[in-house]
Structures are given as structure tokens and as C-alpha cells.
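Residue-level structural notes
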Amino acid sequence: MSMIIVKPGLLTTVQDLGRYGSQHFGVIVGGAMDAFALRIANLLVGNDENAAGLEITMLGPEIYFAEAALVSVCGGDLSPRLNDRELPLWKTIVAPEGSVLRFGPARLGCRAYLAIAGGIDAPAKMNSRSTYLRAGIGGWEGRALQKGDRLPVGAPREAGKKLASLLADEAQADGVAFSRWSVAPDLLPAYTPNPEVRTVAGQELALFEEESAERFFAGAFKVRTDSDRMGYRLSGEGDALRLREKRELVSSAVTFGTVQVPPDGQPIVLMADRQTTGGYPKIAQVASADLPLLAQTNLGGTVRFRPVSLQEAQRLYLVRENGIRTLRSGLERMQASGNGRVQADGKR
Amino acid sequence: MVKLEGLAGNYEKYGEVEAKLLPLGDSAVTVQLGETICRRTHDRVRQLAEHLERHRFPGMIEYVPAFLSVTVYFDPLEALTGLGGHVDTDGQADPLGVVADWLGEQLAKLENAAQTTPRVTEIPVCYGGELGPDLPEVAATHGLTEQEVIDIHTSADYLVYMLGFAPGFAYLGGLPQRIATPRRQTPRLSIPAGTVGIAGDQTGVYPIATPGGWQLIGKTPEPLFLPDAMPPTLLRAGGYRPVPAHLPG
């Protein structure tokens, strides 16, 4: 079983949820920028949440399925089409033998995630299949996909096979099937081109001039065009953000969503391919629950940071995780009952 | 106005260990073990790292030791469930607090770990020219000649305090103050693998091409990141490493 890359798109990479466990060697986590979308896509095809899928950026690829496949596309809306049909996001889909997946204009967000039952069977490097572009390791030959790449797909799990059989009834004349089940709308992040992300104080917030700290949480910041999977470089409308006194910090660990401010006073939000440690003062930390909003913000988009308490950030995290658990158990119940005409969130 | 929220804003005593626990967002806690880079704090950091290598809590993902701290990453839901915290979405659940309590208990148990014998790694460096474009600026900053900067940089023994920033990137302690130089105002977008730099009183080698803000003084042909080996890095925390230099040609 394999899928063939007919056109690679702008930046299509193999990603799982990241390369955890080697950060103390300085090896970055990487993985999907919008980890939520990849997790859901994997659940919808019966995979482990951490299975490798494709991260598709802005201009999508053209992919040929030599054999029938159970797939799901989640995250940003890059106008996916299967053969000549518009492909709905956040659903389970049967792509029959010989079908072609294409993408069009980015309607919302900038990263779509394709999961396929069985996962992309790229060799694991340091316990992950994520592509680490800068080091040229992991994923598919350590690089973005190219025309002619033939990606091997693993054997579907029992859950994937059951989901496929539930979809048999839904097949159209050409063999394409879209699930009736989908994801509860209130579980989905409120993707928007110019998001406001909920943010807690950073470890060095107190080192900033009060005026700078207030401006950071009140202002709008543009995502500069030299931003990438490692970090979003932001530029604010007003002056540079300033420390109370100039000082060199001792480097310490950072994480996804850490907002650091280098001496030029323009903040950088660290993203999936962030370094493991940093020496710039950390003004803020984006709540985990809102990282998908940031991951789907395109170059040139505007981000605002809304301060929330740590308690609230933790609550948002648990609400999101509870929602994912509900979806997972809904899918499991559906597989057990053999009835695919219920919502995956368990509601009829 | 937003305020810096710490789980504990000040150092507290955990048995023999003084530490400050700071949240790094909602899924990580930084255990700060001192304020200045020194051998004593480094030893504490290594003790805690070695302890976490043997003792883990449910939901613990990994830890990252740094100069003064060890940061522990975790899955909040698994940590809450596994450590017996209040699991609910009513705003009362506090995974960070539960993890901080666990870390506090571990800090109180820290024993003095056996010191491993320092391993010495020699790294050949070509200084200046295109390979070290900031060497003239570093020299000018201190009123030294380029050769004097090279001599000073190669005369010292360096301690690998931590790996971080990039795979196999070692933060080395022991840079002579006479050539300590602040980071650049704006980071460069790409620095070639093997480049040797200075930032404040730190020095180090970039193992892969990456953006960075260090002052670049030279380059080594030696690979520092070995993705197919275990451990995947040439340098490892805890040893002294002298850096002898060889000029090009």
C-alpha cells in the first residue's frame, strides 16, 4: 500500500506529534504545527493519535491513491477535492483505488493534515517519524516531499478496518464515501485569519518595562514573512518592547508557544521546530489550547495576545482533552455497535 | 495589569536543596536551582537530571537541564490522573500544582550523585575570515588583535554545562572574561553547521545550520550531531573540553 506524490505542493512534510525524549540532547521536538488537527485526523481513520500523516502548507499537493484508502483531512481549509468532488474536513473518507486528492486556494488557515489508515510508514528516527528539515532527518528522507515520492502506508488497525466497513453503505457510484459522523463543532478551535490567543505570563515578564508589558497584551502583531515552523517573528505597531534594564540572560528551556523578545524588541513566538532552550527573555506563554490558532495563522496575519490566568489555561487544556476523549470513545462505541449513522461525539 | 504568576515566587528549602519552581506555560515546570552559573549549581542540575532519569511521574514526558534549572514537561491530564489530583474542568484542577508537589518531594530526596570522570574532546577550529565573520568585531570590542582573541579562546578549558538550542549544541562555561561579547542585536537567519560563536560569557559550536544571535569567530569540520548514534551528540554534559585551534592552511 502506498500513495504517490504527483505534485508536491509548497511545503508538504511527513509529521507525527513530535520527537519527544531527546530534548536533553538538544534535539528539537518538531512534529505537526497544529497537533490537534493531526490527532483528530488520525482518530477519524482509526489510527493511534501519534501516527505519521502529512502536513500540507498553503499550496497543497496532488496525491494519487494506487489502492483504496481510508483517509481524513483536518485543520486548515485548503479547498481539498477528491477526484471531482469537494472533500469535507473533519470526516472519515474512503478514497477508492485510482483516486486523486488535490487542493485549491487556502480558504481558512494555512495547514491541512492528511491522515491515512495505517499511517505513513516512514522509518522512525529517535522515536519519531517527524521531518526535521533543518537537520535533514526523519520524515521522508529528512526533506519536504517531491514529485514522484511513493510513500509506504502501514497496515490499518482493527479500528480503521471497522470504520471502513461502516462506510461501505455510504459509497457513491465512483466509490467515494464521506462519513456522516464528524467532530462536534464545539471541539474545534475557532480558527480565524487574525486570532486572539489566550496567553499566560512568561517567566521573565517582570523584567520588562510596565509600559512594554501592557503594550504586548494590548497590541496587534503582524506575522512577518520570514516566519517558519521554528518560530513566528512578529512586528508590533509601536516601539520595540523594552526591558527595565539591559541584561544578558542565562539560557534555559523553552516550549511550544513561548514568546521571547530579542534585543531588537520584536517578539518571536516559538513553534513546532523551536530550539530546546533560549536565552532571550520570555515575556509570555501561549496557552496550549490556543496553539492550533497560532499554527493556522498565515504569514501577514495579525495576532493578539489576551492575558489569562494559569488556572484558566489549565482549564482550557482539560476541556480540550476531555473533548478529544469523548470523540475517541464515541468512535469506539460506533465501531462496537456497527452503526455509523450516529455523530462521533455520541449524539444522534 | 498582568502579573507574573509563580507557583512559588521565591526560593524555598526542599530538604537540603534550595529551589524555585516556575511554570513554563500549562504543561511544564522549571525548577530553578541557582542564579549564577557555577560548578555548585551545575552539580545540583546534574543531580536532579540523574534523579529524573530514574524516577518519573505518570504523564512525565521529558526533562531539559540548563545552566541553572531543569525543566520538566508533562501531559497535564495524565499527571492529574496519575498523581491523584482533582480531575475536572470547573477551573479547580491544578496539574501544575500537583506536579510541583511531586517535584518538591523529589528535591528533598536528592542525594549527592557520584561525579563522573570528565571526558575530554578536542575540537579543531579555523578562526576568522569568512568562517568567523565577527572575529574583527569581537577583537575591536576588547581592543585586542584577532590573534589575541584566538589565543585567549584556545587557552581555556571549557565545561559542557548543557546541551540545547540545537541538537548537540553544547553551552560551554569557562570563556575568559577578556573576550566575553554580547549577542548580536538581531539574530542571523542562517548560520552554517560547525560555526564557533560567543554570546556574553558563553562560547559554543553550531552543530547544524540554524538561525542564531551569537558572535561568530570560527568554524570546525568536526560533526557534533550524530542522528544515528546513541547518544546522538559528540559532546555530553558534565566534562571539561579544551578547544585547541588550527588556523587554515
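Residues numbered from 1 in each chain as written. Chains lettered and ligands numbered in written order. Predicted model: local features only at pLDDT ≥ 70, side-chain atom pairs only at ≥ 80, totals over all residues. Heavy atoms only, no water.

Digging into the sheet that holds strand β3 (residues 28-32) of chain B
Residue and element names in this part refer to chain B. Judged by pairing direction, the sheet is antiparallel, and its 5 strands sit side by side in the order β1-β2-β3-β5-β4 without closing on themselves. In the strand order of this sheet, the two ends are held by β1 (12-14) and β4 (60-65), each with one partner. The mean angle between the axes of side-by-side strands here comes to 30 degrees, regardless of whether they run parallel or antiparallel. Alignment of strand β2 (residues 17-23) against β3, held across 4 bridges, turns out to be antiparallel. Each residue of the ladder has a partner; that of Pro23, found in β3, is Val29. (Pairing = 2+ DSSP bridges. Helix = DSSP H or I, 4+ residues; strand = E, 2+ residues; numbered from the N terminus. Axes fitted to C-alpha atoms, helices over the stretch in contact; angles between N-to-C directions.)

Re unusual backbone geometry
What you tend to see is this: most non-glycine residues have negative phi, and most peptide bonds are trans. The peptide bond linking B:Met230 to B:Pro231 adopts the cis configuration, its omega dihedral lying at -5 degrees. In this fold, B:Pro231 is placed in the loop between β13 (215-219) and β14 (240-242). In the Ramachandran plot, A:Ser79 falls in the positive-phi region, its phi being about 50 degrees despite a non-glycine side chain. Mapped onto the fold, A:Ser79 is located in the loop between β5 (69-77) and β6 (81-82). Relative accessible area serves as the criterion here: at 8%, A:Ser79 is assigned to the buried category. Non-glycine residue A:Glu141 carries a positive phi angle of around 55 degrees. Along the chain, the position of A:Glu141 falls in the loop between β10 (108-116) and β11 (150-152). (Buried < 20%, exposed > 50% of the residue type's maximum accessible area, 1.4 Å probe, protein only.)

Brief notes about the domain arrangement of chain B
Residue and element names in this part refer to chain B. By domain assignment, chain B separates into domain 1 (12-109) and domain 2 (126-242). Taking only C-alpha atoms into account, the centre of domain 1 sits 30 Å from that of domain 2. Summed over both sides, the interface of domain 1 with domain 2 buries roughly 780 Å², with 67% coming from carbon and sulfur. Sorting the residues of domain 1 by area buried against domain 2 places Arg39, His42 and Phe67 first, and these three jointly supply 63% of that buried surface. Linking domain 1 with domain 2 are 0 salt bridges. Linking domain 1 with domain 2 are 0 residue pairs in polar contact (both at pLDDT 80 or more), by the criterion used here. (Domains from an automatic or database assignment. Buried area = accessible area lost by both parts, 1.4 Å probe. Salt bridge = Lys/Arg side-chain N within 4 Å of Asp/Glu carboxyl O. Polar contact = N/O pair within 3.5 Å; in protein donor to acceptor, adjacent residues only side chain to side chain.)

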